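The chain contents come next:
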Amino acid sequence: MTQFTKNVIEIIKNIPCGKVMTYGQIAKAAGSPGAARQVVRILHSMSEKYELPWHRVINSKGEIGFQDEEMFHTQKSLLISEGVEFSSNRAISLLIYLWDIEYEQS
DNA sequence: AACATGACTCATA
DNA sequence: ATATGAGCCATGT
């Protein structure tokens, strides 16, 4: 397990309930700016094994990245149940993903 | 045109 | 089978 992967997993695990983070923010916070694709890959392949709150990770536009409708609905339901508001069908309210500001200071 | 972002996809270890 | 790094490519700024 590389340090980057550990960081990514750690970061995702620490996203508080009701907040979300983007791929790019996670990659940057994990020490590899621009490695958003690796974050995607980690999420895609290891979220179950490491019990990651995958639903709290979104793309840089503040939207759910899934193309698959069923997964999309699953994620949306999970977020709503955590109190995350949506400003449109796919997009998450900007109020919620301010979390990176707190994170970058620590 | 140049750059950023990808729930990709493949080849390796 | 699992984890990692990297490349291709579409889309949007």
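All values derive from a computational prediction rather than experimental measurement. (Residues numbered from 1 in each chain as written. Chains lettered and ligands numbered in written order. Predicted model: local features only at pLDDT ≥ 70, side-chain atom pairs only at ≥ 80, totals over all residues. Heavy atoms only, no water.)

A few points about the protein's contact with DNA strand B
Around DNA strand B sit 13 residues in total, of which R37, W54, N59, S60 and F66 are the nearest. For DNA strand B, the fraction of atoms within 4 Å of the protein that belong to sugar or phosphate moieties is 43%. Separating a phosphate oxygen of DNA strand B from a backbone N or O atom of S60 is a distance of 2.8 Å. Element by element, the count of residues in the surface near DNA strand B is highest for helix α3 (residues 36–46), at six residues. Counted by class, the surface near DNA strand B contains six nonpolar, five polar and two charged residues. (Near = heavy atom within 4 Å. Polar contact = N/O pair within 3.5 Å; in protein donor to acceptor, adjacent residues only side chain to side chain. Helix = DSSP H or I, 4+ residues; strand = E, 2+ residues; numbered from the N terminus. Nonpolar A, V, L, I, M, F, W, Y, C, P; charged D, E, K, R; others polar.)

Structural notes on the pattern of salt bridges
Opposite charge on two side chains makes pairing possible when the charged atoms of those side chains draw close. Counted according to the given criterion, the structure contains two salt bridges. Ionic pairing is found between E82 and R56, a salt bridge with its closest N-O pair at 2.5 Å. Of this pair, E82 sits in the loop between α4 (69–81) and α5 (99–104) while R56 sits in the loop between α3 and β2 (57–58); the two residues are 26 residues apart in sequence, bridging distant segments of the chain. The class of R56 is buried, set by a relative accessible area of 10%. Across the pair E69 and R90 runs a salt bridge, and its minimum N-O distance is 3.8 Å. Pair noted here: E69 is in helix α4 and R90 is in the loop between α4 and α5, with a separation of 21 residues, a long-range link. Assessed through its relative accessible area of 45%, E69 is described here as partly exposed. The class of R90 is partly exposed, set by a relative accessible area of 24%. (Salt bridge = Lys/Arg side-chain N within 4 Å of Asp/Glu carboxyl O. Buried < 20%, exposed > 50% of the residue type's maximum accessible area, 1.4 Å probe, protein only.)

A word on the protein's contact with DNA strand C
Taken together, M1, T2, T5, R37, Q38, R41, M46, K49 and Y50 make up the full set of residues adjacent to DNA strand C. Counted by atom, the contact set of DNA strand C within 4 Å of the protein is 41% sugar and phosphate. Contacts to DNA strand C include R41, whose side-chain N or O atom sits 3.2 Å from a base nitrogen. Looking at the surface near DNA strand C, the element that brings in the most residues is α3, giving four residues. Of the residues belonging to the surface near DNA strand C, the class tally is three nonpolar, three polar and three charged.

Quick word on the nonpolar core
F4, V8, I12, I26, V39 and V57 are the most contacted members of the largest nonpolar core, which has 18 residues in total. Put simply, the parts of the chain that give this core at least two residues each are α1 (3–13), α2 (23–29) and α3. For V39, the residues in contact, after removing those within four places along its chain, are F4, V8, Y23, I26 and A27. In terms of nonpolar packing, the next biggest core, distinct from the first, is built from nine residues, V20, I58, I64 and I92 among them. (Core = buried A, V, L, I, M, F, W, Y, C linked by side-chain atoms within 4.5 Å. Contact = heavy atoms within 4.5 Å.)

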